[in-house]
Structures are given as C-alpha cells and as structure tokens.
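Spelled out from the first residue to the last, the chains are:
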Amino acid sequence: MSMMMIRLLSRNNSSSFSNLPTRCLHGASSDEAVSTYSRLRDIYNFHPPPPASEDPERKKKKPPKPQYRPPSSLEGVKKMHSSLPFDFRFSYTESSSSVRPIGLREPKYSPFGPDRLNREWTGVCAPAVEEDPKLEEIRRKEREKIQGPPLTEAERKFLVELCQRNKTKRQINLGRDGLTHNMLNDIYNHWKHAEAVRVKCLGVPTLDMKNVIFHLEDKTYGQVVSKHCGTLVLYRGRNYDPKKRPKIPLMLWKPHEPVYPRLIKTTIDGLTIEETKAMRKKGLAVPPLTKLAKNGYYGSLVPMVRDAFLVTELVRIDCLGLEKKDYKKIGAKLRDLVPCILVTFDKEQVVIWRGKDYKPAEDEAEYPPSFIHHEGL
C-alpha cells in the first residue's frame, strides 16, 4: 500500500513539473512573445549586437604602428669647438702618421657624429685647424706651468703608494687599441678626485712602452712617475686645475680601419721565389723563441728577439690563441723596433728574418732618464 502511494505522488509531481515550462514557453502566442521582447528592450534598454560578419568597425583596418625610433644623442647638439693642439685619432699609440693608407674600407664618416665637430674627418684623423709654427714651444711652456716644480722622492713614493691596488680601485685599462681618444676624457675625470691615476697596459701596446708613455704625457700634459711592467702611475701636476680642463669631444663609435699596404710580400727583397718559399718552410720548423699569452705583457719581446738574432737568422714567435689583427700588429712593431724582415704569419706564427747584412742595434735608453730608476717599483 505504501509503495502505491509513493508511485502516485511521483507521477503527479513529474506531470506538474513537466507542464510548467510548456505553459511558460509555448502557452503564449507569437504576438505575445514579440510584445514581451519589446517590453524587455524598453525596460532594460537592451539592443543585441549585430553579427560579426556585418560589423562595419571590423572591416576597417587598424592604422600601422609607427616604427620604433631610438633616442638619438645627436639631436639638438651644437657643433663643438675644441682647442686641443693635435690631430684627433681613434688611437694615438697604434696609428702611425708615417704609414699612409692606400684606401678606405668605408666612406668618410666622422666618428664624432654628423656636424658635431669643427674639424673635417679625413677617414684617418681630424687635423688641427690652426697650425702655429711655435706650437711645440707653446705646448712645452704650458706643460711646465701645469707640472710646476719637480716632485721630491718622498712625494713620488707617496703618490705611488696611494695608487696601489690595496689603496684604490681608480684605474684605466689600456688594451689592444692603445691610448684611444676617449681615454683622454677618462683620465681627466679621474684627475678631478685624485692627483694620480693608475694605468694598466696589456696586449699589443706593451711591445713599445716608450711610445705609450710619450703619448700619455704629450696628450694629457701629465707625468708618468712610476712604471712597473705594464702598470704606470700618471701624475696630473702641481698646478693642475680641474675647472680649466680641455674640452674633449667624444667619439660615438669606432671608425673603420683604413686599408694599409701588405706586410708580407710575395717575395722577400733580395731573394728569389724558391728561396722565399724555402725560408718560410724552414722558419715554421724552427723551435719557438717564446709563446705569447693573450692580452699579456710583451715589454721584453724586443730585447729577446735582438739577443736571438746574435745566434740565429730566423726567429719564430708562437701566437696561438691571439687574434689575427693582434699578431699582425706585433709583427709590424717588431719590423720597426728590432729591426727585422717579416717572413710569414701562417699557422698563427710570426716568423722574422734578421736579413743578410744584420747589425745589432745600439743600446739606447728605452725610457727617459726621469724615471729609469722607478722601473723596479
């Protein structure tokens, strides 16, 4: 009896629930349904969106984004006038005015930026505008005025002690490009806060430290008061005034290197083609005099080669791991400093020949007498 009652109740409930939606949805006529929808629009202000295919806004193409333009440091910069009395070069120690290029790799384009300098860029340098016949004498007097009386030994030792690694981190690194133009500005920035700055020299320029020291003193009017291997201490002078520092226009990029004559010729002067080939083959078989480390100190290489030429005519220097342009610069410097004749650069080796009529170079003072006794510091 109880089971029958449960079934009857479930049937009645299901029939009532099943009839409810039909009465709501299908019980009204079509006119009533339209009026209901219109009433909904009036009450809720509802307007259905048009289909995506008929949307006129979608058919309109978006305007393209403007191309990204990086901020330029050349905009609104006036032409700079600098009264520095020497030619502006990218490197003062690694570019020689005596060697004329035979061409340019790229068109003449100033590394200072377009129309930023009142000197014309020749592709190699920016020459000084005015040349005074007494310019060297004027520069010498100006440098003496800035340097003032010479330092005493106690003062020199005190400056050198202040520039040691454990006392200061103030240092300028002089690498394979040598003394570059922008380094001059770095030196003056250090001289604002200290009387002397440490200059660490590594790589190709250390082959001729005399040249590096000359250009440091010549271009900055400073004085090298200490030299230990490739580490120099550059003193600004007693009467140096940071407010009167010269205006140095900065190079914004490294200029392209010009095309210079070939260092290795097809035949060595005075020899036939067969003799040249035999000498190159023999030179590559000679035991190496030394192996150069990458970005090392090469200050003792020239005397080593001169001593080796006393007992052998061919010398091989192992440059394995060095960049090609580095050991080519080393070969060019050895040719002028030793002097010698370049034989080959094959297999990352520098092979040099002393020549037929070799005469040992006279012992010349490698550095000015003002700091020869500072060598051991």
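The name an unreviewed UniProt entry gives the chain is CRM domain-containing protein, with Brassica carinata as the organism.

Draft legend 1. Spotlight on the overall build of the chain. A tally of helices and strands in the chain yields 10 helices and 8 strands. For the chain, the proportion of contacts with a sequence separation of at least 24, taken over those separated by at least 6, is 76%. Total accessible area on the chain stands at roughly 25,000 Å², and carbon and sulfur atoms take up 55% of it.

Draft legend 2. Quick peek at the sheet that holds strand β2 (residues 196-201). On the basis of which strands lie adjacent, the open sheet formed by 4 strands has the order β1-β2-β4-β3 and mixed pairing. At either margin of the open sheet sits one strand with a lone partner, and together these are β1 (171-174) and β3 (223-228). In this sheet, adjacent strand axes meet at a mean angle of 25° when their direction is disregarded. The pairing of β2 with strand β4 (residues 231-235) spans 5 bridges and is classified as antiparallel. Looking across to β4, one finds that V197 is bridged to L234.

Draft legend 3. Looking closely at the pairing of β3. Pairing between β3 and β4: 5 bridges, direction antiparallel. Residue pairing across strands places S226 opposite V233, the latter belonging to β4. As consecutive antiparallel partners, β3 and β4 are separated by 2 residues, and within that stretch C229 has a phi angle of approximately 55°, a positive value.

Conventions and cut-offs
Residues numbered from 1 in each chain as written. Predicted model: local features only at pLDDT ≥ 70, side-chain atom pairs only at ≥ 80, totals over all residues. Heavy atoms only, no water. Helix = DSSP H or I, 4+ residues; strand = E, 2+ residues; numbered from the N terminus. Contact = heavy atoms within 4.5 Å. Areas by Shrake-Rupley, 256 points an atom, 1.4 Å probe, with all protein chains shown as cover. Pairing = 2+ DSSP bridges. Axes fitted to C-alpha atoms, helices over the stretch in contact; angles between N-to-C directions.

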